[in-house]
Amino acid sequence: MATFLYKLGRLAFRRRHFVALIWVALLTLAGVGAASAPTAGNTSFSIPGTEAQKAFDLLEQRFPGMSADGATARVVFKAPVGEKMTDATNKAAVEKTVKELRGGSEVASVADPYTGHAVSKNGSVAYASVKYKVSGMELEDSSRDALKGAAQDARDAGLTVEVGGDALSATPETGSSEVIGIAIAAVVLVITFGSLLAAGFPLLTAIIGVGIGVSTITALASALDLGTTTSTLASMIGLAVGIDYALFIVSRYRSELAEGREREEAAGRAVGTAGSAVVFAGLTVVIALVGLSVVNIPMLTKMGVAAAGTVAIAVLIALTLIPALLGYAGRKIKPTGEKSKLLGGGRAKSAAKQGRPNMGTRWASFVVRRPVAVLLLGVIGLGAAAIPAASLELGLPDDGSQPVSTTQRRAYDLLSEGFGPGFNGPLMVVVDAKGSADPKAAFTKVGDDIKGLKDVGTVTPAAPNKAGDTATITVVPNSKPSSTTTEDLVHAIRDKGADITAATDAKVLVTGSTAMNIDVSQKLNDALLPYLALVVGLAFLLLIVVFRSILVPLKAALGFLLSVMAALGAVVAVFQWGWLSGLMNVEETGPVMSMMPIFMVGVVFGLAMDYEVFLVTRMREAYVHGEKPNQAVVTGFKHGARVVTAAAVIMIAVFSGFIGSSEAMVKMIGFGLAIAVFFDAFIVRMAIVPAVLALLGKRAWWLPKWLDRALPNVDVEGEGLREHAAADGTEGERELVRV
């Protein structure tokens, strides 16, 4: 592979006009496709196999036009102090609002508070329920604007009005966070390379890759039912790996120049060596993202596959467009150790500075001298950080987890005040009595049995369909939706349903947003271990091929698991226990978002393997070329530590930008990914990895002979380049390129 990529790099360097034209044409084509594609709404949401989804599907069949999984909104009204919602003036204002709400094209129904018994006992609070024909993720912005406008009209009439429900849920804007991340990345790249031009290449190519990927997703969004969340994830991951991969190759190019190679040769060798690491690092990311399909949540599968496509584009750009741009730059790109004149280059260094080893060399030398102490300190530190993960509670955020500054949270609090905390998460019990001899008796029995369960506040009478074979019963718990008590009630109703089926032949299903959240959390929790096994297992096999070793891939996988567990522990401590919640502006603690662990595993695993492959391939390269094991570790850090550090700092900056979001989910994702990259890059890859390799010595690179013969030789360390150069008679032809 190294030889093939070496030739590809040289070809791209020589034919730079042709390569640049191809990528510009692809970007233009994707942009035109995105601009001309029909506007697509957010992707539809379904959770195949869950009881809540089965109940929704049944309601669609038995209650045509009901829109069981349609968006809902609760417009909550509170009377001024000393007044009641039943007063004539207040009642007129509410009825006017209800009439206004019914005019929406996507509105299925609006329940009047005064005819639907939706006024609190003390008369201070009332609410109007709005049901939409489409889900909250598919709702048009015009419908949301109409909802907000109706609420504002009621406020103008003197009432306190807040709006809750999933109808106002929207994908959070993250554009400013991405701009901040790019700005910090630019600063780090300039410091790393000492050149504005060299720093600009990774940013330029990453933006081009993200532009092609996101534009392609936009162009296909309508046909493939892709939503805005898909492009958000693709842009975040594409930007991260795009900068990383270009950074690796430009850094290696400058190292080859520093060894005195001619520029085209340096470009070829950079792509042949660092490019090989990029290919396999990219493959691990693709495996992690495509592996999300094992969860069997269509939206998550589409997000993973789309992001994987953007990663593949980033790899291709790094292998072809980067050497082409290096060809355009010519002598403006300086060898390692030299800075541009604008940033202080050209000044003579003192003899002491010239002979002094860099920071990576000094750190690696320290670690190989004291590997046991460094290993124990790293493992104990991450182990301590992982302790809170043992108390991990999973759930999906509801309006109660929103900041108090939002209307959703204020509506949630008003409903809790007027009707009790469980009113914010009613359960819908669906009774399928089609196979029952006496459907009415079955409906009555279900209602009576549920009333006898713990934590049940109210149970509404059964509401049958026209055929009389299916009915819905609304159950309001005494506890809030995200509590474990409510989850226990859902399971208790389902357990009771088995007895009811045996007695009446009627099936009992529990659904609604609260039950759906519980089912999604359980599904994601059940999928975590299979997903881990798939991703880590496939990557382990891939890394065996890359490093031709058993112990190095095993160490990489175990180190990753340690860093992820430590990151989950940090997330639990902040968002579930409330540690440092003031610093992180976490207003409401609660269960960790159920998607967080599996999402963190997928994203962080890919980035962690980037650093592992790039850092350890330099060690492997030095070892294969004759250095002793410990010296190979030091050499790997000499050439790779600065680049990996820069890449990690950039990623931490990008992800940390999301911590400032007002959305609890986005805040949690940003913090979790940032702390996970910090743990993995600086503790696992920079400390534990060299310590373990120093302790293992030659054993680290051991591979059974039969397996060595069976595995393909991908030559990531570039050994074949020496043979190729010797055959061409170019090994001794080195020019010292200086400006």
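Within each chain, residue numbers correspond to sequence positions counted from 1 in written order. A pLDDT threshold of at least 70 governs which residues receive local features in this predicted model, and a stricter bar of 80 or more applies before side-chain atom pairs are shown or counted, although totals over entire chains, interfaces and linings include all residues. Excluding hydrogens and water, the side-chain values take into account all heavy atoms of the structure.

(A) View of the overall build of the chain. Numbering goes from the N terminus for both helices and strands, where a helix is a DSSP run of H or I of at least four residues and a strand is a run of E of at least two. Each helix and strand counted, the chain has 23 helices and 11 strands in total. Each residue's exposure class comes from its accessible area (1.4 Å probe, protein chains only) as a fraction of the maximum for that residue type: buried when under 20%, exposed when over 50%, partly exposed otherwise. When burial is assessed residue by residue, the chain has 55% of its 739 residues classed as buried. Long-range pairs, those at least 24 residues apart, make up 79% of the contacts in the chain between residues at least 6 apart in sequence. Contact criterion: two residues are considered in contact whenever any of their non-hydrogen atoms come within 4.5 Å of each other.

(B) Main features of the sheet that holds strand β4 (residues 160-164). In this description, strands pair whenever DSSP reports at least two bridges between them. What the four strands build is an open sheet, ordered β2-β3-β1-β4; its pairing is antiparallel. Whereas interior strands pair on both sides, the edge strands pair on one side only; in this sheet they are β2 (107-111) and β4. Neighbouring strand axes in the sheet, compared pairwise and without regard to direction, differ in orientation by 20 degrees on average. By the bridge criterion, seven bridges tie strand β1 (residues 72-78) to strand β3 (residues 125-132) in an arrangement that is antiparallel. The partner of Arg 74 across the bridge, within β3, is Ser 129. Seen against the sheet, helix α5 (residues 141-156) touches β1, β3 and β4 and runs at an angle of roughly 160 degrees to β4. Only the stretch in contact is used when a helix axis is fitted, and all axes are lines through C-alpha atoms; the angle between N-to-C directions ranges over 0 to 180 degrees.

(C) Local environment of the packing of helix α17 (residues 513-547) against helix α18 (residues 551-576). Where α17 contacts α18, the axes come no closer than 8 Å and their chain directions differ by 145 degrees. Crossing angle aside, the handedness with which α17 passes α18 is right-handed. In this structure, α17 uses Leu 532, Val 536, Phe 540, Leu 543, Ile 544 and Phe 547 to contact α18, whose residues at the interface are Val 552, Pro 553, Leu 554, Ala 556, Ala 557, Phe 560 and Leu 561. Here the nonpolar group is Ala, Val, Leu, Ile, Met, Phe, Trp, Tyr, Cys and Pro; Asp, Glu, Lys and Arg are the charged ones; every other residue, Gly included, is treated as polar. Tallied by class, residues from the contact of α17 with α18 come to 13 nonpolar, no polar and no charged. We call a crossing left-handed when the near helix sits turned anticlockwise from the far one by less than a right angle, and right-handed when that turn is clockwise.

(D) Up close: the pattern of salt bridges. Take a side-chain nitrogen of Lys or Arg and a carboxyl oxygen of Asp or Glu: if they are within 4 Å of each other, that pair is a salt bridge. In total, this model carries 19 salt bridges according to the counting rule given. Between Glu 417 and Lys 78 there is a salt bridge; the shortest N-O distance is 3.3 Å. Of this pair, Glu 417 sits in helix α14 (residues 407-419) while Lys 78 sits in strand β1, and the two are 339 residues apart along the sequence. Between Arg 261 and Glu 259 there is a salt bridge, with its nearest N and O atoms 2.8 Å apart. Note on Glu 259: relative accessible area 41%, which makes it partly exposed. A cluster of three or more residues bridged by salt bridges with shared partners is formed by Arg 10, Arg 14, Glu 264, Glu 265 and Arg 269.

(E) Representation of the pairing of strand β6 (residues 427-432). The element β6 is largely enclosed, with a buried count of five among its six residues. Across six bridges, the pairing between β6 and strand β9 (residues 470-477) is antiparallel. Looking at the pairing, Met 428 lines up with Thr 474 of β9.

(F) Geometry of the nonpolar core. What is meant by a nonpolar core is a set of buried Ala, Val, Leu, Ile, Met, Phe, Trp, Tyr and Cys residues, joined one to another through side-chain atoms within 4.5 Å. Tyr 245, Phe 560, Met 600 and Phe 655 are the most contacted members of the largest nonpolar core, which has 171 residues in total. If one sorts the elements of this core by residue count, helix α21 (residues 664-696) sits on top with 20 residues. If sequence neighbours within four positions are ignored, Met 600 has contacts with Val 564, Ala 567, Leu 568, Val 571, Phe 605, Gly 672, Leu 673 and Ala 676. Within the second largest apolar cluster, 26 residues are counted, among which are Phe 77, Val 110, Ala 150 and Ala 151.

(G) Fine view of unusual backbone geometry. Positive phi, normally seen in glycine, also occurs at Asp 455, with a value near 70 degrees. Residue position: Asp 455 is located in the loop between α15 (439-451) and β7 (456-459). For Asp 455, a relative accessible area of 17% corresponds to the buried category.

(H) Just the environment of Arg 618, in detail. Counting through the fold element by element, Arg 618 comes out in helix α19 (residues 596-624). Classification of Arg 618 by relative accessible area gives buried; the value is 8%. Residues Arg 618 and His 639 lie 21 residues apart in sequence; the distance between their C-alpha atoms is 7.4 Å. Discounting chain neighbours no more than four positions away, the residues touching Arg 618 are Arg 252, Gly 636 and His 639.

(I) Structural context of the confidence of the model for the chain. In the predicted model, the chain carries a mean pLDDT of 81, and 88% of its residues have values of at least 70. Averaged pLDDT values for the elements of the chain fall to 49 in helix α11 (residues 351-355) and rise to 93 in helix α13 (residues 371-386). Residue-level confidence of the predictor is summarised by pLDDT, bounded by 0 at the bottom and 100 at the top. Per-residue pLDDT stays below 50 along residues 171-175; that stretch engages in eight contacts with residues further than four places along the chain or on separate chains.

(J) Spotlight on the packing of aromatic side chains. Here a Phe, Tyr or Trp ring, Trp counted by its six-membered ring, pairs with any other such ring whose centre lies within 6.5 Å, and the pair is stacked when the planes are under 30 degrees apart, edge-to-face when over 60, and tilted otherwise. For the structure on display, the rule yields nine aromatic pairs. For the ring pair Tyr 127 and Phe 419, a centre distance of 5.4 Å and an interplane angle of 85 degrees mean the geometry is edge-to-face. Residue Tyr 127 is located in strand β3, and its partner Phe 419 is located in helix α14; the two are separated by 292 residues in the primary sequence. Exposure remark for Tyr 127: the relative accessible area of 11% places this residue in the buried category. With 4.7 Å between their ring centres and 20 degrees between their planes, Phe 419 and Phe 423 make a pair best called stacked. Residue classification places Phe 419 among the partly exposed positions, given a relative accessible area of 23%. When its relative accessible area of 14% is taken as the criterion, Phe 423 is described as buried. Aromatic ring contacts, followed pair by pair, group Tyr 127, Phe 419 and Phe 423 into a single cluster. Taking the ring centre of Phe 13 as reference, the NZ or CZ of Arg 16 above it sits at 5.5 Å. Across from the ring centre of Tyr 114, 5.2 Å away, lies the NZ or CZ of Lys 91, which sits over that ring. Geometrically, a lysine NZ or arginine CZ counts as sitting over a ring once it is within 6 Å of the ring centre and also within 35 degrees of the ring normal.

(K) Main features of the environment of Ile 297. By the secondary structure assignment, Ile 297 is in the loop between α9 (263-290) and α10 (298-329). Residue classification places Ile 297 among the buried positions, given a relative accessible area of 3%.

(L) Structural detail: α14. Between the first and last residue of a helix there are one fewer steps than residues, each counted as 1.5 Å, and that sum is the expected span. Here α14 spans 18 Å end to end across 13 residues, near enough to the 18 Å set by a 1.5 Å rise per residue. For α14, the complete set of buried residues consists of Thr 407, Gln 408, Arg 409, Ala 411, Tyr 412, Leu 414 and Leu 415. Looking at the buried residues of α14, the elements they touch are β1, β3, α5 and β4. Positive phi shows up at Gly 420, right after α14, with a value of about 105 degrees.

(M) Up close: the side chain of Arg 263. By the element assignment, Arg 263 lies in helix α9. By the counting rule applied here, Lys and Arg register as positive and Asp and Glu as negative, while His and the ends of each chain are not counted. Although Arg 263 is buried, it makes no salt bridge; Glu 262 carries the closest opposite charge, 7.4 Å away. Each polar contact in these results corresponds to two N or O atoms within 3.5 Å; when the atoms are within protein, one needs to be able to donate a hydrogen and the other to accept it, and residues that are neighboring in sequence are counted only if both atoms are side-chain atoms. At 3.1 Å, the side chain of Arg 263 and the backbone oxygen of Gly 330 are in polar contact.

(N) Here's a closer look at helix α12 (residues 359-369). Of all the positions in α12, only Gly 360, Thr 361, Ala 364, Val 367 and Val 368 are classed as buried. All buried residues of α12 fall inside an arc of 130 degrees around its axis, so they share one side. Opposite the buried face of α12, by more than 90 degrees, sit the exposed residues Met 359 and Arg 369. By definition, the arc is the one covered by directions from the helix axis to the C-beta atoms.

(O) Local environment of the side chain of Ser 549. Looking at the secondary structure, you find Ser 549 in the loop between α17 and α18. Taking relative accessible area as the criterion, Ser 549 reaches 0% and is therefore assigned buried. Within the structure, Ser 549 has its side chain in polar contact with the backbone nitrogen of Leu 551 (distance 3.3 Å). Only 2.5 Å separates the side chain of Ser 549 from the backbone oxygen of Ala 700, close enough to count as a polar contact. The residues contacting Ser 549, other than those within four sequence positions of it, are Ile 544, Ala 700, Trp 701, Trp 702 and Leu 703.

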